[in-house]
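If you want the building blocks of each chain, they are given just below.
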Amino acid sequence: MTFLRRSTRLSLLALAAATGTAHATDYYVSKDGNDMNNGTSRNTPWRTLAKVSSMVYQPGDTINLKRGGGLLQRTWFEPLVLRGSGTPTSPIVVTAYGTGVRPRIAPGTIDSTCVKIDGGEGWKVTDLELSNARWGVELKYDSVTERRYIWLQDLQINNMTNAFNSIPGAEKFNFLSAGIAIRHWTDDPGSPVFLRDLTIKNVSILNSNFGLWTGSICEGAPGRCNDDGFSVTGRWAYVDGFNLENITVTNGPQYGLSLAFMKNGSLTNTVVSNVGYQ
């Protein structure tokens, strides 16, 4: 009987893993926390985004950053790198908890990114303020294809400018600062899709060189781009299926929205003003 009970339990665990119903975890992060905590309750939060970035997350997990307090109490002066992948039906969520003004990520260092997803899929990022970096949100897909589902919502993005860019004058095309940067690289001549199902909703981008920009990844191998920052050896690849809704882009010396390498999508209730190109 003991053997039968143990076998049944193992079978149920295997079934949960196979069907994606394994238990998801809520994580909490507060400037009053401690990285030695388990991070799994409001009473035992982590403290730093470095701790958050060191973990690999599973479908259904949620990362909660604490709202409210003074500017220093709600600001992390460091980047957030999101590791792991969710699914369209069970995404990994980054959001805010508590009351008051939304949490703020402001690295303030050269070539930094506030929130970075490197090759991942099944992520939903909501209810944050992102400031003072080269890129507010960086979606990076280097030699990666057929990723699915990224959802960005209720974000306030400010000051993604030359001040945080190491390229003198930031004149090289694929090195420009942007509120949202969608970056890709492929050697596949078949024009593959690197990301399907992208939603960007209720996002304001202020005082940034680009609002939304798509382009090539020049770093990673020598000779990818020329001296002007344009791709030399890369092939075309696409975001296939996008919904951009309720977006405002204000005060930028370059493009408001650059939708190259994006197809089969919709753009609604979007205002671009006081930029170099719309």
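Rules of the game
- Residues take numbers from 1 onward in each chain, read along the sequence in its written order.
- Note on the predicted model: pLDDT of at least 70 is required for a residue's local features to be given, and 80 or more for side-chain atom pairs to be given and counted; whole-chain, interface and lining totals, by contrast, use all residues.
- Hydrogens and water molecules were not included; the side-chain quantities draw on all heavy atoms of the structure.
- What counts as a helix is a DSSP run of H or I of at least four residues, what counts as a strand is a run of E of at least two, and both are numbered from the N terminus.
- Only protein chains enter the accessibility calculation, which uses a 1.4 Å probe. A residue is then buried if its area is under 20% of the maximum for its type, exposed if over 50%, and partly exposed in between.
- Any Lys or Arg side-chain nitrogen found within 4 Å of a carboxyl oxygen on Asp or Glu counts as a salt bridge.

Chemist: For this particular structure, what's the right way to read unusual backbone geometry?
Modeler: When glycine is set aside, most residues are seen to have a negative phi, and most peptide bonds are trans. Unlike most non-glycine residues, Asn 202 shows phi in positive territory, near 55 degrees. Along the chain, Asn 202 falls in strand E12 (residues 193-206). Phi at Asn 251 takes a positive value of approximately 65 degrees, unusual for a residue other than glycine. By the element assignment, Asn 251 lies in strand E14 (residues 238-255). Taking relative accessible area as the criterion, Asn 251 reaches 29% and is therefore assigned partly exposed.

Chemist: It is not clear to me how the pattern of salt bridges should be interpreted in this structure. Could you clarify?
Modeler: Note that side chains of opposite charge can pair when their charged atoms are close. According to the stated counting rule, one finds 11 salt bridges in the structure shown. Among the ionic pairs, Asp 127 bridges to Arg 67, the shortest N-O distance being 2.3 Å. Taken together, the positions of Asp 127 in strand E8 (residues 123-131) and Arg 67 in the loop between strand E2 (62-66) and strand E3 (75-76) put the pair 60 residues apart, joining distant regions of the chain. Just as Asp 127 is buried, Arg 67 falls in that class too. Glu 146 is the salt-bridge partner of Arg 196, the closest N and O atoms lying 2.8 Å from each other. Taken together, the residues Arg 196 in strand E12 and Glu 146 in the loop between strand E9 (135-142) and strand E10 (147-158) connect sequence positions 50 residues apart.

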